[in-house]
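Notes for the structure review
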Amino acid sequence: METKMDRKEMGIHMKITVGQVLDACKGTLLCGETDTVIHSVCIDSRKVTPGALFVPIKGARSNGHDYIGSVMEAGAAATLTQEHDHAQGQQAWIRVENTQKALQDIAAAYRSWFSIPLVGITGSVGKTTTKEMVALALSAGFRVMKTAGNFNSQIGLPLTLFQLQPEDTAAVIEMGMSDFGEMERLAQIARPQYAVVTNIGISHIENLKTQEHIMAEKLRITDTFTENSVLFLNGDDPLLSTVQKWSPGKLIIYGTSETADYRASQVVVQGRETVYTLTTPTQTRIVTLPALGLHNVLNSLAAVAVSEQLGLELDEILVKLRSYTPPTMRQEIHEVHGITVIDDSYNASPDSIKSGVDVLCSLDHPGRRVAVLADMLELGDIAHLAHFDVGVHVAKAGVEMLVGIGTWAKQMAEGALSVNPAIQIALCKNNQEALDILQKEIREGDCILVKGSRSMKTDEIVKELLQR
């Protein structure tokens, strides 16, 4: 696959006119010419380059409309606006009712120009890792455009679609949602013909209230499906396993059960790799995956299933997966001055913390297993129970020391102590307190997992540990 630099250099290949923008978003041209060519779309005034369309977003803390003057000076070809009725000059000003909706409408029109297979990835946990594995596997036979980082939201997904280039032959798009109606809109924009749902957890349950509601919303990823579309579901997930058929389109189940279409069995950890037996509808292989945890095995099954359904040969798919490396801050394993640090600091939910703890306890190392866990957010009324339950899992898995950070650290500690009264506990108000304890307590041979919700910024702890 191409590198980030390659794609950046090829960004000029995007070509859309002001007239096409007007048609897509039903806007009104206040000034400028309809034949003006746009080469990129940007919402950050600091990153505008000549030939860009600037989309000012009005947020709670800042208003992009305040920066229209500066982006025009920087050479933007055009700007949207929902706050101006008059403008003059050679650069195009386009009046719309809502700039965010206009951004989505323009992205939907741009995506419609590409008749390539597009794979949508959603789920409560594992979207980014699955996206990375699917894109890597597909690169055996396609030039793949994939979501950068986790640009998977109502704004991020449209910006991702603008990265499509004429040379691309497939796309893998991460699609995230946190409230009712969001997945429906994303599906209308991206129009995936293939969709993977990794699992149904309790992330965002504060808004969606029940896991059944979460599943129903996630499955809206199939809203634009046709009879030729394919839905891939994790059959190990208790809720997704209840889906027996899907119309329109084809349903493929992956997992560890005997009835899965793509199945993993005899899963064992060997050093820093996971080895398992893969059974597809027609073949069996021994797979060596350079990642730990059953959750990563399931992610790789999704990658194999998608790639085979898109016509690739199994052996070439597995060669690609053999070169997998985890995304930044997602179970990256570091060795430094005799200790092992598992950087899983990107984000956290109950399911992802449990997976991280399982990886921590699966590693072969001479010292203690230390879990540094910060608050999980957006859990609403179940926050107390969820943190207690995580503590229970920590102790059952065999962790010797729990360092809890934040408002809910006490509940995690109570859960752990209910299983193992001898587990060492440290309760911290912030990351610095946790670091101070770690610097005093950590000994050579110890293995440390660091994880918490994104706003808890536990990557700060990882950074300091790696510099010790």
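In what follows, the structure referred to is the one given above.
Report on the accompanying structure. (Residues numbered from 1 in each chain as written. Predicted model: local features only at pLDDT ≥ 70, side-chain atom pairs only at ≥ 80, totals over all residues. Heavy atoms only, no water.)

To continue, consider the pattern of salt bridges. Taken as a whole and assessed by the stated rule, the structure comprises 19 salt bridges. Ionic pairing is found between Lys 101 and Asp 105, a salt bridge with its closest N-O pair at 2.9 Å. You can see Lys 101 and its partner Asp 105 sitting in helix H4 (residues 99-111), four residues apart, about one turn around the helix. With its nearest N and O atoms 2.6 Å apart, the salt bridge here joins Lys 146 to Glu 132. Residue Lys 146 is found in strand S9 (residues 144-146), and its partner Glu 132 is found in helix H5 (residues 127-138); the two are separated by 14 residues along the sequence. Residue classification places Lys 146 among the partly exposed positions, given a relative accessible area of 29%. A cluster of three or more residues bridged by salt bridges with shared partners is formed by Lys 101, Asp 105 and Arg 185. (Salt bridge = Lys/Arg side-chain N within 4 Å of Asp/Glu carboxyl O. Helix = DSSP H or I, 4+ residues; strand = E, 2+ residues; numbered from the N terminus. Buried < 20%, exposed > 50% of the residue type's maximum accessible area, 1.4 Å probe, protein only.)

Among the structural elements, Thr 222 can be located in the loop between helix H9 (211-218) and strand S12 (230-234). Given the relative accessible area of 7%, Thr 222 is considered buried. In this structure Thr 222 touches Leu 231 and Trp 246, once residues within four positions along its chain are discounted. (Contact = heavy atoms within 4.5 Å.)

Attention now moves to the environment of Ile 425. Structurally, Ile 425 can be placed in strand S21 (residues 424-428). For Ile 425, a relative accessible area of 28% gives the class partly exposed. Spatially, the C-alpha atoms of Ile 425 and His 365 are 21 Å apart, while their sequence positions differ by 60 residues. Contacts of Ile 425, omitting those with residues within four sequence positions, involve Leu 402, Ala 413, Ala 416 and Leu 417.

For the rest of this paragraph, the subject is the sheet that holds strand S5 (residues 52-54). Ordered in space as S2-S7-S6-S5-S4, the five strands form an open sheet in which the pairing is mixed. The open sheet has two free edges, formed respectively by strand S2 (28-31) and strand S4 (40-42), since each of these has just one partner strand. For this sheet, the mean angle separating the axes of adjacent strands, direction not counted, is 25 degrees. Relative to strand S6 (residues 78-81), S5 runs parallel, the two sharing two bridges. Within S6, the residue paired with Leu 53 across the bridge is Ala 78. Strands in contact with helix H2 (residues 18-25) are S2, S5, S6 and strand S7 (92-95); relative to S7, the strand with the most contacts, it is inclined by about 5 degrees. (Pairing = 2+ DSSP bridges. Axes fitted to C-alpha atoms, helices over the stretch in contact; angles between N-to-C directions.)

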